[in-house]
Each structure stands twice: as structure tokens, then as C-alpha cells.
Amino acid sequence: MIEAVEAQRIALSALSAGAVVIFGAMYAIFLALGNLNDNAILRLVGNCAYLLLAVSVCFLAYFLQLYNWWLVLVATLLVGYFAAPRMIWRICVEVHQEDNQTLEVLPK
């Protein structure tokens, strides 16, 4: 039978994992909307969502009692998730710039 402390730790882990998903989605969405509309406030909201994502990941690691190499993996994933949406945005901008340049060259 699961002790009350263990059940509480499992429940808090599940809540932290849910927060990771929600704040991760918010980060990507608001960063993209901020870049699309050139809106600094939306980008700031996205960065705040990333900060909350990082806090949620720290709570998740604590509740799951992750140590040693697991913490290195968690830190690597946080860095990757910070960089990935930004790199994807740059790739999209470059691809669409090439499309626009191609369309300008084609005769009408």
C-alpha cells in the first residue's frame, strides 16, 4: 500500500508535469506570436512562461528525487527547449525569404 507521503509526492509530480506541458506550450506560442507581430510584450510573456517552465521542471525533479546524471539531462533539456523555438523561427523566416525572392524573380 502506498504511504500518504508517497501519494502526495506522486500527485505533486503529476501537477508539476502538467505545468511543464502548459508553460512549454505557452512559451512557444507567445514567442511565435511576438515574433510574428513584432510585439515585445508577447515575447516577454513567452519568456515569463519559459521561466515558469523552468521552475516547474525544478519542482518535478525535486518531487521525482532526480539526482546526478538525471539533473544533467534535465538541464540539457531546458537549454534545448529554450533554443529550439528560436531556431525554428529563424529557419521559417529564412525559408520564406527565399520563397519571396523566388517569386520576385519569376515573370508575371
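All of these numbers come straight from a predicted model, not from anything done at the bench.

Draft legend 1. Structural context of the packing of aromatic side chains. For the coordinates displayed, the defined rule picks out six aromatic pairs. Judged by centre distance (6.1 Å) and plane angle (15 degrees), the rings of Phe59 and Phe63 are stacked. Placement of both Phe59 and Phe63 in helix α2 (residues 40-63) is noted, with a separation of four residues, approximately one turn of the helix. Taking relative accessible area as the criterion, Phe63 reaches 16% and is therefore assigned buried. Here the aromatic cluster, defined as three or more aromatic residues joined through ring pairs, consists of Tyr27, Tyr50, Tyr81 and Phe82.

Draft legend 2. Geometry of helix α1 (residues 4-37). Helix length check: α1 (34 residues) gives 49 Å between terminal C-alpha atoms against 50 Å at 1.5 Å per residue, within 8%. If you check which residues of α1 are buried, you get Ser13, Ser16, Ala19, Val20, Gly24, Tyr27, Leu31 and Gly34. In the segment just after α1, Asp38 is the residue with positive phi, at about 50 degrees.

Draft legend 3. Inspection of a nonpolar patch on the surface at higher detail. A cluster of nonpolar side chains, namely Ile29, Leu33 and Leu36, defines an oily patch on the protein surface of about 280 Å² accessible area. Its place among the elements puts Leu33 in helix α1.

Draft legend 4. Up close: the environment of Tyr81. By the element assignment, Tyr81 lies in helix α3 (residues 69-105). We classify Tyr81 as partly exposed; its relative accessible area is 33%. Linking Tyr81 and Tyr27, residues 54 residues apart in sequence, is a C-alpha distance of 9.5 Å. Excluding anything up to four places from it in sequence, Tyr81 contacts Gly24, Ala25, Tyr27, Ala28, Tyr50 and Leu53. Within polar-contact distance, the side chain of Tyr81 engages the backbone oxygen of Gly24 at 3.1 Å.

Reading the values: the criteria
- Once a new chain begins, its residue numbering starts again from 1 and follows that chain's sequence as written.
- Reporting in this predicted model follows two pLDDT cut-offs: at least 70 for local features of residues, and 80 or more for side-chain atom pairs to be given and counted; totals over whole chains, interfaces and linings ignore these cut-offs and use all residues.
- Hydrogens and water are ignored here; the side-chain numbers use all heavy atoms of the structure.
- Aromatic rings from Phe, Tyr and Trp, with only the six-membered ring used for Trp, were paired whenever their centres fell within 6.5 Å, and each pair was classed as stacked if the ring planes differed by under 30 degrees, edge-to-face if by over 60, and tilted otherwise.
- Strands here mean DSSP runs of E at least two residues long; helices mean DSSP runs of H or I at least four residues long; both are numbered from the N terminus.
- Burial here depends on accessible area, computed with a 1.4 Å probe over protein chains only, as a share of the maximum for the residue type. Under 20% is buried, over 50% is exposed, and the range in between is partly exposed.
- Working rule for helices: expected span equals 1.5 Å times residues minus one.
- Here a patch means residues that are over 30% exposed by relative accessible area and free of salt bridges, tied together within 9 Å if like-charged and within 5 Å if nonpolar (Val, Leu, Ile, Met, Phe, Trp, Tyr).
- Computed with a 1.4 Å probe, the accessible areas rest on the Shrake-Rupley method; for each residue, only the protein chains presented here act as cover.
- What makes a salt bridge here is a side-chain nitrogen of Lys or Arg within 4 Å of a carboxyl oxygen of Asp or Glu, nothing more.
- Any two residues whose heavy atoms approach within 4.5 Å at even a single point are treated as in contact.
- Counted as a polar contact is a pair of N or O atoms within 3.5 Å, where, for protein atoms, one must be capable of donating a hydrogen and the other of accepting one, and residues adjacent in sequence contribute only when both atoms are in side chains.

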